[in-house]
Each structure stands twice: as C-alpha cells, then as structure tokens.
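A structural walkthrough
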Amino acid sequence: MDALISGLFTADPFPLIAAGGFVIGFLVGMTGVGAGALTTPMLISGFGVAPAVAVGTDLVFASVTKASAAWRHHRLGNVNWGILGYLAAGSLLATLVTLAVLNSATIDTDALAASIRKVLAVALVVSAIAIPLVPVLMRKQPDLESRAVSARPIVTVLFGVVLGVLVTLTSVGAGAIGVAVLTALYPSLIARRVVGTDIVHAIPLAALSGAGHLSMGNVEFGLLGALLVGSIPGILLGSRLIGIIPDWLLRLILSVVLLYAAYLLAMKG
C-alpha cells in the first residue's frame, strides 16, 4: 500500500484524481453520502495535498455538486425551511468565526495541518458509524407526517454550530452526520424531508466555507477540475444503478473505506 501511495506522486495526477472523483461520484450516486468524507482524505493521503488546500478544494467541489439537487428537493417539498433556518443560523455564524480564526496571522500552518488531520480522522470514524446507522433510524419513521413538526430552536442551532466548525475545518459532517443527527432530533420528520433539508443546508454552508478558504488561497482549481471531470459521470452512473447493488453492502463498504482513511490520516499525524 505504501508503494502504491508513493507511486501516485510520480504519476500524472490529473487522470488519477479524476478516477478517484469517479469512484466518489459513483458512491454518492448510489448512496447519497460520502463526497466530503472521501474526497479530503483521498487528496491528503493519496496525493500529498496540504490539508488546508484539500479541505478548501473539497468544499467548493461539494457546493457545486450539491447545488444541482437543491431546486429538485425544493420543488418536491422535501425541505423543512424552519429547521433549515435554525441550522443555518448556527452553522453559518460558526463558519464565519472559524474562518476568522484560520485567517489569523498567528496561526502556525504546520500545527494547523496536524490539527486538521486529527479532527478529520475523528470525523471520519463518526461518519463511518453514522452511514450504516442512517437507514436503521429512518426505517423507524412514519411514511407520512401525522402532525406538524415543531422545530427545536436551541438544540438545532447548537448542532448547526458544531456542523459549521466541523465542515469548515475538515469538509466532513454535512452529509451522513447531519442526516443521522437530524433524524434523531426530529423522529417525526419523514425521511425525504430529512435528506432534502440536510442537502439544501449543506449548500450555503459549503459555499461560505469554500469562499473563505478561496480567499486564503486554499483552493486548487486544477484539483477541482479533475474531481468534477470524474465525479459527474460517476454520479450519473451511480444514480442509474440504484437497486442493483444492495444499499446495505454499499454502506458497509463505504464505512470500511472511511475507517481505513481515518487510519491513514492518524498514522500521518
């Protein structure tokens, strides 16, 4: 494995990153999760990209890919705007504060890189647990909402704060972790609205975080282009093959990959 990783540095990186983007896009198309959790560790461990650049590039990548789903979820009524508003109130403010801290001239870049690896490794383990857990939680939900869903402002804003910090530092958390926690917080909210609310909330969060990293020079457009070239056909193919491969098997594979990525990052730290 070490020889394989070393070989990635000597090969032409564009087709390799595009191939990685295709695999990530395929998994996203099949399961709906995994983009942020897989892209950043792939760039750091597989291609030696600086952690801050990997996070910034992934955030812009996520905002572009998820934006295509926003209008569809809104048109289908899959977004609970009240809950989304509380989430965004916490996450966007936390993102601005985190970006201000990262932009401080007193930040030690080497220490920051090590911290990002450690936080990312923990976030990947949490995501690996959340991904197979989400379908179990959603099966417990009613098919139809029997009553109006009352927002829980304080706890939702606080969760938004946690997501804002986590996503800004690691680009991970807005997908599987967001869906799992929202499902636990709002058990009467039907599954499609949990997913729709989470996806639409992730768009401004990723866009704001990505813009902040862009202003700090943490976005590499060559990497971004390679990821998009590979991921777009991967998403299209994956979405067409839904149902052929069991969802539980895909989620299990995804969890194993995330745990291995966490291990690689921990060893690098």
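Residues numbered from 1 in each chain as written. Predicted model: local features only at pLDDT ≥ 70, side-chain atom pairs only at ≥ 80, totals over all residues. Heavy atoms only, no water.

Within the largest apolar cluster, 55 residues are counted, with the highest numbers of intra-cluster contacts made by Ile17, Leu43, Val49, Leu124, Tyr186 and Leu258. Of all the elements, helix 6 (residues 109-139) adds the most residues to this core, at 9 residues. The residues contacting Leu124, other than those within four sequence positions of it, are Ala37, Pro41, Val172, Leu258, Ala261, Ala262 and Leu265. Core analysis: the next-biggest nonpolar cluster, separate from the first, contains 12 residues, Ala52, Ala174, Leu205 and Ala206 among them. (Core = buried A, V, L, I, M, F, W, Y, C linked by side-chain atoms within 4.5 Å. Buried < 20%, exposed > 50% of the residue type's maximum accessible area, 1.4 Å probe, protein only. Helix = DSSP H or I, 4+ residues; strand = E, 2+ residues; numbered from the N terminus. Contact = heavy atoms within 4.5 Å.)

All right, on to the packing of helix 5 (residues 81-102) against helix 9 (residues 191-215) then. Closest axis-to-axis distance for the helix 5/helix 9 pair is 10 Å, and the angle between their directions is 15°. By the angle class used here, helix 5 and helix 9 are roughly parallel. Two packed elements cross with a definite hand, and for helix 5 against helix 9 that hand is right-handed. Across the interface between the two elements, Trp81, Ile83, Leu84, Leu87, Ala88, Ser91, Leu92, Thr95, Leu96, Leu99 and Leu102 from helix 5 touch Thr197, Val200, His201, Pro204, Leu205, Leu208, Ser209, Gly212 and His213 from helix 9. (Axes fitted to C-alpha atoms, helices over the stretch in contact; angles between N-to-C directions. Parallel < 35°, antiparallel > 145°, perpendicular 65-115°, else oblique. Left-handed = near helix turned anticlockwise from the far one by under 90°.)

Let us now look at the environment of Trp248. Looking at the element boundaries, Trp248 is found in helix 11 (residues 247-268). When the C-alpha atoms of Trp248 and Ile131 are compared, they prove to be 9.6 Å apart, with 117 residues separating the residues in sequence.

Moving on, we come to helix 4 (residues 51-75). Under the 1.5 Å per step criterion, the end-to-end length of helix 4 is 37 Å for 25 residues, consistent within 8% with the ideal 36 Å. Taking the largest bend as the criterion, helix 4 deviates by roughly 35°, centred on Ala67. (Expected span 1.5 Å × (residues − 1). Bend = angle between axes of the 7 residues up to and from the residue.)

On the surface, Phe22, Val23 and Leu237 cluster together into a nonpolar patch covering about 230 Å² of accessible area. Assignment of secondary structure puts Val23 in helix 2 (residues 13-31). Val23 gets classed as partly exposed once you look at its relative accessible area, which sits at 46%. (Patch = residues over 30% accessible without salt bridge, like charges linked within 9 Å, V, L, I, M, F, W, Y side chains within 5 Å. Areas by Shrake-Rupley, 256 points an atom, 1.4 Å probe, with all protein chains shown as cover. Salt bridge = Lys/Arg side-chain N within 4 Å of Asp/Glu carboxyl O.)

For the rest of this paragraph, the subject is unusual backbone geometry. A positive phi angle, close to 70°, is found at Ser171, a residue other than glycine. Take Ser171: it is sitting in the loop between helix 7 (153-170) and helix 8 (176-185).

Next up on the list: the environment of Gly20. In this fold, Gly20 is placed in helix 2. Separated by 19 residues in the primary sequence, Gly20 and Thr39 have C-alpha atoms spaced 8.1 Å apart.

A separate point is the confidence of the model for the protein chain. Confidence in the prediction of the protein chain, expressed as mean pLDDT, is 83, and 88% of residues score 70 or more. In the model, residues 1-10 has pLDDT below 50 throughout and makes 10 contacts with residues more than four positions away in sequence or in other chains. (pLDDT = per-residue confidence, 0-100.)

Packing of helix 4 against helix 10 (residues 221-240) leaves a shortest axis separation of 10 Å and a crossing angle of 40°. Accordingly, the angle class assigned to the pair helix 4 and helix 10 is oblique. Helix-helix and strand crossings are classified by hand; for helix 4 and helix 10 the assignment is right-handed. In this structure, helix 4 contributes Val53, Thr57, Val60, Phe61, Val64 and Thr65 to the contact, and helix 10 contributes Leu223, Leu224, Leu227, Leu228 and Ser231. Considering only residue class, the contact of helix 4 with helix 10 consists of 8 nonpolar, 3 polar and no charged. (Nonpolar A, V, L, I, M, F, W, Y, C, P; charged D, E, K, R; others polar.)

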